[in-house]
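# Tertiary structure, described
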Amino acid sequence: MARVVVVSNRLADPRKAAAGGLAVALGDTLNATGGLWFGWSGKVVDESEGGTPGEGELHTHQAGNVTLATVDLCKEDHDSYYLGYANRVLWPMFHYRLDLADFNKQSLAGYRRVNQMFARKLMPLLKPDDLIWIHDYHLIPLAAELRSMGCGNRIGFFLHIPLPPPLMLAALPGHEWLIRALFAYDVVGFQAQADVNHFERYVHSEADAEMLGDGHYRAFNRTVLARAFPIGIDVDEFAQLTHGKEARETYETMREQYSRRRLLIGIDRLDYSKGLPQRIKAFQELLASYPENRKSATLIQIASPTRESVDAYADIRHELEHLCGQINGDYGELDWMPVRYIHRTVARKRLPGLCRAGRVALVTPLRDGMNLVAKEYIAAQDPADPGVLVLSRFAGAAEQLREALLVNPYDTEGSAQAIQRALQMPLEERQARHQKLLERIRAQDVHWWRKTFLQTLENAQP
Ligand code: ADQ
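- The chain carries the name Trehalose-6-phosphate synthase in an unreviewed UniProt entry, which gives Caldimonas mangrovi as its organism.
- One UniProt comment on the chain, placed under Subunit (unreviewed entry), says "Homotetramer."
- Under the heading Sequence similarities (unreviewed entry), UniProt records this for the chain: "Belongs to the glycosyltransferase 20 family."

This is how it looks when you write it as structure tokens:
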């Protein structure tokens, strides 16, 4: 295979154990092809330190066979490109939260400036046959910038978050420009068929695109192949982690503390897209409507800090803390607290132990591109006595994981009913559902995802 160049906003060192499955999977390919990983260094340079908009120092270093090339951002670029346009405009809009989108022309200018700068820095590092794979909403216009500098390579794009339906997308000022930029790619990958359908309807109605069949769309004098490539996890690696020392310790501790009590778990970034307040309300409804769960069911909700300098994230944190306090105050006993809320990241090596100890997992985002926690939970279960996944129908994962108990997280009573059903599910049914789910996450794991995407890109006509 040709050399692979991955571009993403942030990099992870693929050799570090803390790196998740995605970094490891991409790292394998990069390693095998002597590839290059390009992105932001994570460093923000102040004006007093010489930071200038649209300029950033390039650093390169080797990690095994892989070249890591990173660029610093000045404060103005970081605030407008990353905190501004990416996380205050595209993230909320693409997660159906128009109410939270804070559009202004400064952040758009920063987004364009940083994408132009990345293209300028990346261009001299490229070889003619490189396969370039660009990731996520931070970098949508990057291929168009590279093309304007004469880049003729095959370039693919993968959107990790959902694409909203056409009318919602049309609420974004400059949406025509953004979608047109997707036509600079040869292959555009989405998480789910629903996203592809949204893309198709948008380009049909707003861009007058020709449908050439088999996922090919022609507009703006270019043809793009758009398809769903649902991302997966490294099932074997995660299952193996389950047997590691840290995971076993975590599992044992949980089993000891909750032997007679049934443990429900939630593991998320503290993001408003993850539906955490709705989840706590559903759990509250469970305790109210099915009182046999009082003093017996406990929800451990891990919510890791994220994007804390964006206001909407501070708001969701307050709301969640208020709700957890309320339910614990209303229902708690001297020897039992209904909800244990932990505002921290769980160490990667402990995660599988927690997943295995959870009798039920609540993965109930209001909208999610895929949601890998759902898949990790399945991979960590003991097939002889597996837990039950309660999954939002609005997570991309719901298209594949049809044997989970699918819920509408806005429907508090319906969600509480599903949780009750999960808690009472007989062993045979749990086993049958788990077996099917495990087959599904194995058939389309992270290696399948990476290979299928890169093969499709390699076969695309440049
Ligand atoms: P995220 O929104 O970050 O990713 P998700 O897929 O749920 O969402 O999680 C990514 C990884 O983070 C998982 O491996 C998970 O275990 C880990 N993680 C989440 N919360 C954690 C916590 N509190 N402690 C420790 N680890 C935690 C985006 C999209 C998703 C899409 C992924 C991958 O929003 O829809 O699935 O990219 O494409």
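### A look at the packing of aromatic side chains
- One pass over the full model with this rule turns up 20 aromatic pairs.
- With 5.6 Å between their ring centres and 85 degrees between their planes, F38 and F118 make a pair best called edge-to-face. Of this pair, F38 sits in strand 2 (residues 36-45) while F118 sits in helix 3 (residues 105-122), and the two are 80 residues apart along the sequence. Of the two residues, F38 and F118, neither departs from the other in class, the shared state being buried.
- Taking 5.5 Å as the distance between ring centres and 50 degrees as the angle between the ring planes, the aromatic pair formed by W40 and Y82 counts as tilted. In this pair, W40 is assigned in strand 2 and Y82 in helix 2 (residues 75-94), connecting sequence segments 42 residues apart.
- Residue class for W40 comes out buried when judged on its relative accessible area of 5%.
- Chaining the aromatic ring pairs together yields one cluster made of F38, Y81, Y85, F103, Y111, F118 and W177.
- Stacked on the ring of W40, the Lys or Arg R10 has its end atom at 5.0 Å from the ring centre.
- When the ring centre of W91 is taken as reference, the NZ or CZ atom of R307 above it lies at 4.2 Å.

### Some points on the pairing of strand 5 (residues 131-135)
- Of all the five residues making up strand 5, five are buried; the element is thus mostly covered by neighbouring parts of the structure.
- On strand 5, burial covers both faces: L131, W133 and H135 on one face and I132 and I134 on the other are all buried.
- Of the pairings in the sheet, the one linking strand 1 (residues 4-10) to strand 5 comprises four bridges and is parallel in character. Counterpart to V5 in the pairing with strand 5 is I132.
- Of the strand pairs in this sheet, strand 5 and strand 6 (residues 154-158) are connected by five bridges, and their pairing is parallel. Among the inter-strand pairings, L131 is bridged to a residue of strand 6, identified as R154.
- Handedness of the β-α-β unit built from strand 5, helix 4 (residues 142-148) and strand 6 comes out right-handed.

### What to know about the site of the ligand
- Taken together, the neighbourhood of the ligand is formed by 22 residues, with H160, R269, D368, M370 and E376 sitting nearest.
- Within the contact set of the ligand, an oxygen atom lies 3.0 Å away from a side-chain nitrogen or oxygen of K274.
- In the environment of the ligand, an oxygen atom lies 3.3 Å from a nitrogen or oxygen atom belonging to the side chain of R348.
- For the ligand, whose accessible area on its own is 700 Å², the fraction buried by protein is 85%.
- Among the secondary structure elements, those contributing two or more residues to the shell around the ligand are strand 11 (262-269), strand 12 (297-304) and helix 13 (372-380).
- Looking at the shell around the ligand, its residues break down into nine nonpolar, six polar and seven charged.
- Domain assignment of the residues forming the shell around the ligand places at least three in each of domain 1 (4-232 + 446-459) and domain 2 (235-442).

### Considering helix 9 (residues 245-257)
- Here helix 9 contains 13 residues, and its C-alpha end-to-end distance of 18 Å stays within 8% of the 18 Å for a straight helix at 1.5 Å per residue.
- Where helix 9 is concerned, the buried positions are A247, T250, Y251 and M254. In a view along the axis of helix 9, the buried residues occupy a sector of 100 degrees, so they form one face of it. Opposite the packed face of helix 9, turned more than 90 degrees from it, sit the exposed residues K245 and E256.
- The elements touched by buried residues of helix 9 are helix 8 (235-242), strand 11, strand 12 and helix 12 (351-357).

Cut-offs used in this document
In every chain, residue numbers begin from 1 and rise along the written sequence. Thresholds applied to this predicted model are a pLDDT of at least 70 for local features of residues and 80 or more for the giving and counting of side-chain atom pairs; totals over whole chains, interfaces and linings are not thresholded and use all residues. No hydrogens and no water enter the side-chain calculation; it runs on all heavy atoms of the structure. UniProt positions are given in the numbering used here, feature names are shortened, and annotations may be inferred rather than shown by experiment. Classification of ring pairs rests on two measures: the distance between centres of Phe, Tyr or Trp rings, Trp counted by its six-membered ring, which must be within 6.5 Å, and the angle between planes, read as stacked under 30 degrees, edge-to-face over 60 and tilted in between. Going along the chain from the N terminus, every DSSP run of H or I of four or more residues is numbered as a helix, and every run of E of two or more is numbered as a strand. Partly exposed describes any residue whose relative accessible area lies between the buried limit of under 20% and the exposed limit of over 50%, with all areas from a 1.4 Å probe on protein chains only and scaled to the type maximum. Only when the NZ atom of a Lys or the CZ atom of an Arg is both within 6 Å of the ring centre and within 35 degrees of the ring normal do we say a charge sits over the ring. At least two DSSP bridges between two strands are needed for those strands to be called paired. The handedness of a crossover follows from its direction of travel: if, with the strands pointing away from the viewer, the path from the first strand over the helix to the second runs clockwise, the crossover is right-handed. A single heavy atom is enough: if one lies within 4 Å of a molecule or strand, its residue is considered near that molecule or strand. Nitrogen and oxygen atoms within 3.5 Å of one another constitute a polar contact, given that in protein one can donate a hydrogen and the other can accept it, and given that sequence-neighbouring residues count only through two side-chain atoms. All accessibility values rest on the Shrake-Rupley procedure with a 1.4 Å probe; residue burial counts only the protein chains present in the view. Lys, Arg, Asp and Glu make up the charged group, whereas Ala, Val, Leu, Ile, Met, Phe, Trp, Tyr, Cys and Pro make up the nonpolar group; the residues left over, Gly among them, are polar. Throughout the structure description, domain borders are defined by an automatic or database domain assignment. To estimate the expected span of a helix, subtract one from its residue number and multiply by 1.5 Å. The arc in question is traced by the directions running from the helix axis to the C-beta atoms. The contact criterion used throughout is that any non-hydrogen atoms of two residues lie within 4.5 Å.

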